[in-house]
Amino acid sequence: MPAPGAGLLRRAPLLTLLVMLGPVAAGLAGTLLPAFGIMPATGEAMPGLDQFRALAEWPGLARSAALSLGTGLGATALALAITVLICAGWHGTRAFRVLERGLSPLLSVPHAAAAFGLAFLIAPSGWIARALAPLAGWERPPDVLILQDPLGLSLIAGLVVKEVPFLLLMTLAALPLLRPGQSLATAQALGYGRVSGWLTVVLPRLYPQIRLPVYAVLAFSLSVVDVAMILGPNTPPPLAVQVLRWMSDPDIALRSRAAAAAVLQLGLALAALGLWRLGEIGVAWLGRRWIEAGSRGHGEGVLRAAGLTLGALSGAAVVLGLCALAVWSVAGFWGFPDMLPQALSGRTWMRHGMALSDPLADTAVIALAATAVALALTLACLEAEHRFGLHPSARALWLLYLPLIVPQIAFLPGLQTLAILGGLDGNRPAVIAAHVVFVLPYVFLSLADPWRAWDTRHGAVARALGAGPSGVFWRVRLPMLLRPVLTAAAVGCAVSVGQFLPTLLVGGGRVQTLTTEAVALASGGDRRVIGATALAQTAAAFLPFAVALAVPALAWRNRRGLRHG
Amino acid sequence: MAEGLTLDDLRIARGEDELLRLDAHVAPGEVLTVMGPSGSGKSTLLAAVIGTLAPAFSLEGRVWLDGRDITALPPEARRVGILFQDELLFPHLSVGGNLAFGLARSVRGRAARRARVAEALQEVGLAGFEARDPATLSGGQKARVALMRMLLSEPQALLLDEPFSRLDADRRDRVREMVFARARERALPVLMVTHDAEDARAAGGRVVTLD
């Protein structure tokens, strides 16, 4: 006999897809229509390519598009190379375990805060220049354009330091199933070094497992808006930033051009993915020839050192950047080239702390609500999978990654148009729904493995002892999996806290979170306020992780069996 | 239908492939041992009897328990207890909590339920263990808690899935004796799957071999 609610549970996967992909599809439609001359807002319909012609006449177009492609491909290739080098050279060593432990906290740092931190390090008046000043004899900041450089190099750096932890985490999740230790030992017995052995026997099997995360990184990097507003060039900016400028222009007519540019951005993302796929095939071909040649590789030491240095550098960039934010937020007068301010003062916090309380409250409400929805849907999907013996296909995984691969800037403008039509713009529930689209994939990806790894015999025992299916869920499975559930919730909160574009566009500029506040400060340049705001943003993303660690530690303090679960 | 557990022309298949066929009756207090190499479907047989057969399998035939047809009942309504190779004590509950989880709903009232749990612990020489973390128990102690947890749910039949193979030789004999004695005392039909011939000998009942 089906339990009450079983029908609902059975439909959970479908409902989840609808909640997650519905807005993506609707947003794409809302972007495509105006781009091709059909205005849902006014009911005008002059189908044609006029908007694209207008876009082509914009003088910055070629440079803007090239910037997007270049920074996207560059950041992804660099982040992947660093990740692979770290794993190839150091997996299984003590240095690697230290790195591993620092990973999750690094991952939770919002992109905008990491970008501001990096800016505070590498700017001509930043910590690095201050450290070099006595050696170089600088008495004032050197006159070089580092931040927002025209080639987008600092933008690439800002993306790499955030994407390396993500790719590393995805790699670590995929590695154990591949039993890299055994393969590597075999290769080493055949005379291969650690790095060449790893690249020849582990990487070819690993890459297909992390392909989707790599695609997500690529699509994200080439369409990112907040990091690009902070670190990217301005005249012209990468295409995604330009779309946002046109979207927020008081001249409504520019919105159609924004839509056309958003469609172009989607095309760029598809082209980049295609290029990347070709690159994959090329590298695989070269790799096979390299393997067949039996080359044992040279420069093992150099590669290992490079991996460790780059990995440590990218981690240090985030950590030191946060330190720089913290110091600026309490800095009194701070002249160049002093390493620290002459005086510390709480003035910034006192003056702007109150102003942060409203955005903080909104940030918390939106993050908690979006995470609650995402967690409920994820649990319902996983439970349905368990109860009805459903087997998610490889295609389901693609669908899960879809919101992470379709560029936000390609469908959020359309979603904003629809929200305005429906009178929902600036409405908090609409912003929450938009956040769910991005929070859900991360919550699901974070929870699915530990949830599925649960020993179902516990369930069989509980059923045989008289507990029904929901009794097993609430009284056995959920408490046993409290730690991964809370971790997934923390991941969800961090993702929501870091969202910029969905808040800005669907919120119609009227819903303010710490992230929208922080990014809005990018053009102003008051370092003390930026420091305080970005630090508050980071704290908001960190706090849930602290809770996710503390609650199970307290609740299960006398339960040794769950301490490492 | 007779008292005891009856597997009435049971046939389990996965798609087109027949996994096993069994037709047997286990009288109250009797032990039926099913032996076979790993992969012969022993655990699948037990899953079919407790009602947790994965949807990928199909089941033909009927399972009767004391004259009730339990084939289509959900596991929690079958009153069939099971012990696995691992004790599978719930790690988030105390020893007392584990026993209370098993204790039948028919025992009502906090005081009465606590007394029943204390009594069960006493019966297996673990008096006063209520608040203990199950992870801190020895293998033999865990096995005793798992046995009492299952018996407190007042099952009408008992299934054993290689329940003694994790214990060292010395403890194995004692735990085995304790389990079979409790089953005989309560006149429970016992269905045991194992690959250990010693288990079959100690059970002293009939042996069916799957291949």
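If you're wondering where the values come from, they're calculated on a predicted model, not measured in any experiment.

1. Overview of the interface of chain B and chain A
Across the boundary between the two partners, chain B contributes 26 residues, which contact 25 residues of chain A. Between chain B and chain A the total buried area reaches about 2300 Å² when both faces are included, carbon and sulfur atoms providing 64% of it. It is Glu76, His92 and Phe101 of chain B in chain B that bury the most area against chain A; as a group they hold 30% of the surface buried on that side. One can count 2 salt bridges joining chain B with chain A. Glutamate 76 of chain B is the partner of arginine 463 of chain A in a salt bridge, and the nearest nitrogen-oxygen pair spans 2.6 Å.

2. Some details on the pairing of strand E3 (residues 31–35) of chain B
Residue and element names in this part refer to chain B. Counted residue by residue, E3 has 5 buried out of 5 residues, so it is predominantly covered. Alternating residues of E3 divide into Val31, Thr33 and Met35 and Leu32 and Val34, and every residue in both groups is buried. Bridge count between E3 and strand E8 (residues 190–194): 5 bridges; the pairing is parallel. By the bridge assignment for E8, valine 31 is matched with valine 190. In this sheet, strand E9 (residues 206–209) lies alongside E3 in parallel orientation, the contact comprising 4 bridges. Within the sheet, the bridge partner assigned to methionine 35 lies in E9 and is threonine 209.

3. A short note on the pairing of strand E1 (residues 5–14) of chain B
Residue and element names in this part refer to chain B. Within E1, 7 of the 10 residues are buried, which leaves it mostly tucked inside the rest of the structure. Bridge count between E1 and strand E2 (residues 17–26): 8 bridges; the pairing is antiparallel. Among the inter-strand pairings, leucine 10 is bridged to a residue of E2, identified as leucine 22. In this antiparallel pair of consecutive strands, E1 and E2, the connection spans 2 residues, and glycine 15 shows a positive phi of 65°. As paired elements, E1 and strand E4 (residues 57–65) share 8 bridges and run antiparallel to each other. Looking at E4, one finds that arginine 14 is bridged to phenylalanine 57.

4. Describing the sheet that holds E2 of chain B
Residue and element names in this part refer to chain B. In space, the 4 strands of this open sheet follow the order E2-E1-E4-E5, with antiparallel pairing throughout. Sheet topology places E2 and strand E5 (68–69) at the edges, where each strand pairs with a single neighbour. Set on the sheet, helix H1 (residues 42–50) makes contact with E1, E2 and E4; between it and E1 the angle comes to about 120°.

5. Examining the domain arrangement of chain A
Residue and element names in this part refer to chain A. According to the domain assignment, chain A consists of domain 1 (7–47 + 347–564) and domain 2 (48–339). Look at where the C-alpha atoms of domain 1 and domain 2 centre, and you get two points 24 Å apart. If you look at the interface, domain 1 gives 48 residues, while domain 2 gives 50 residues. Between domain 1 and domain 2, roughly 4000 Å² of surface is buried when both sides are summed, and carbon and sulfur atoms account for 75% of that area. Of all residues in domain 1, Ile409, Arg527 and Arg528 bury the most surface against domain 2, accounting for 18% of the area lost on that side. At the surface where domain 1 touches domain 2, the tally comes to 0 salt bridges.

6. Focus: the UniProt feature "domain: ABC transmembrane type-1" (unreviewed entry) in chain A
Residue and element names in this part refer to chain A. In this structure's numbering, the residues bearing the UniProt feature "domain: ABC transmembrane type-1" (unreviewed entry) are residues 61–276 and 360–555. Counting secondary structure, residues 61–276 comes out at 78% helix and 0% strand; the distance between its end C-alpha atoms is 22 Å. Summarising residues 360–555: 81% helix, 0% strand, and an end-to-end C-alpha distance of 28 Å.

7. Some details on the nonpolar core
Soluble globular proteins tend to pack their nonpolar side chains together in the buried interior. In this structure, Trp198 and Trp451 of chain A together with Leu5, Leu7, Leu159 and Leu191 of chain B are the most contacted members of the largest nonpolar core, which totals 184 residues. Each of domain 1 (7–47 + 347–564) and domain 2 (48–339) of chain A contributes no fewer than three residues to this core. With residues near it in sequence (within four places) discarded, tryptophan 198 of chain A still touches Val84, Cys87, Ala88, His91, Leu175, Leu184, Gly193, Leu203 and Leu206 of chain A. Counting residues in hydrophobic clusters, the runner-up holds 35 residues, among them Leu83, Leu89, Leu167 and Val190 of chain B.

8. Side note on the UniProt feature "domain: ABC transporter" (unreviewed entry) in chain B
Using the residue numbers shown here, the UniProt feature "domain: ABC transporter" (unreviewed entry) corresponds to residues 5–211 of chain B. The distance from the first to the last C-alpha atom of residues 5–211 of chain B is 22 Å, and the span holds 33% helix and 26% strand.

9. Some thoughts on helix H4 (residues 139–152) of chain B
Spacing of three or four residues puts side chains on the same side of an α-helix, whose turn is 3.6 residues. Residue and element names in this part refer to chain B. Between its terminal C-alpha atoms H4 stretches 20 Å, which fits the 20 Å expected from 14 residues at 1.5 Å a residue. Counting buried positions over the 14 residues of H4 gives 11, a clear majority of the element. Among the residues making up H4, those that are buried are Gly140, Gln141, Ala143, Val145, Ala146, Leu147, Met148, Arg149, Met150, Leu151 and Leu152. Remark: glutamate 154 follows H4 within two positions and exhibits a positive phi of approximately 50°.

Thresholds, definitions, all that
Residues numbered from 1 in each chain as written. Chains lettered and ligands numbered in written order. Predicted model: local features only at pLDDT ≥ 70, side-chain atom pairs only at ≥ 80, totals over all residues. Heavy atoms only, no water. Contact = heavy atoms within 4.5 Å. Buried area = accessible area lost by both parts, 1.4 Å probe. Salt bridge = Lys/Arg side-chain N within 4 Å of Asp/Glu carboxyl O. Buried < 20%, exposed > 50% of the residue type's maximum accessible area, 1.4 Å probe, protein only. Helix = DSSP H or I, 4+ residues; strand = E, 2+ residues; numbered from the N terminus. Pairing = 2+ DSSP bridges. Axes fitted to C-alpha atoms, helices over the stretch in contact; angles between N-to-C directions. Domains from an automatic or database assignment. UniProt positions renumbered as here; feature names shortened; annotations may be inferred. Core = buried A, V, L, I, M, F, W, Y, C linked by side-chain atoms within 4.5 Å. Expected span 1.5 Å × (residues − 1).

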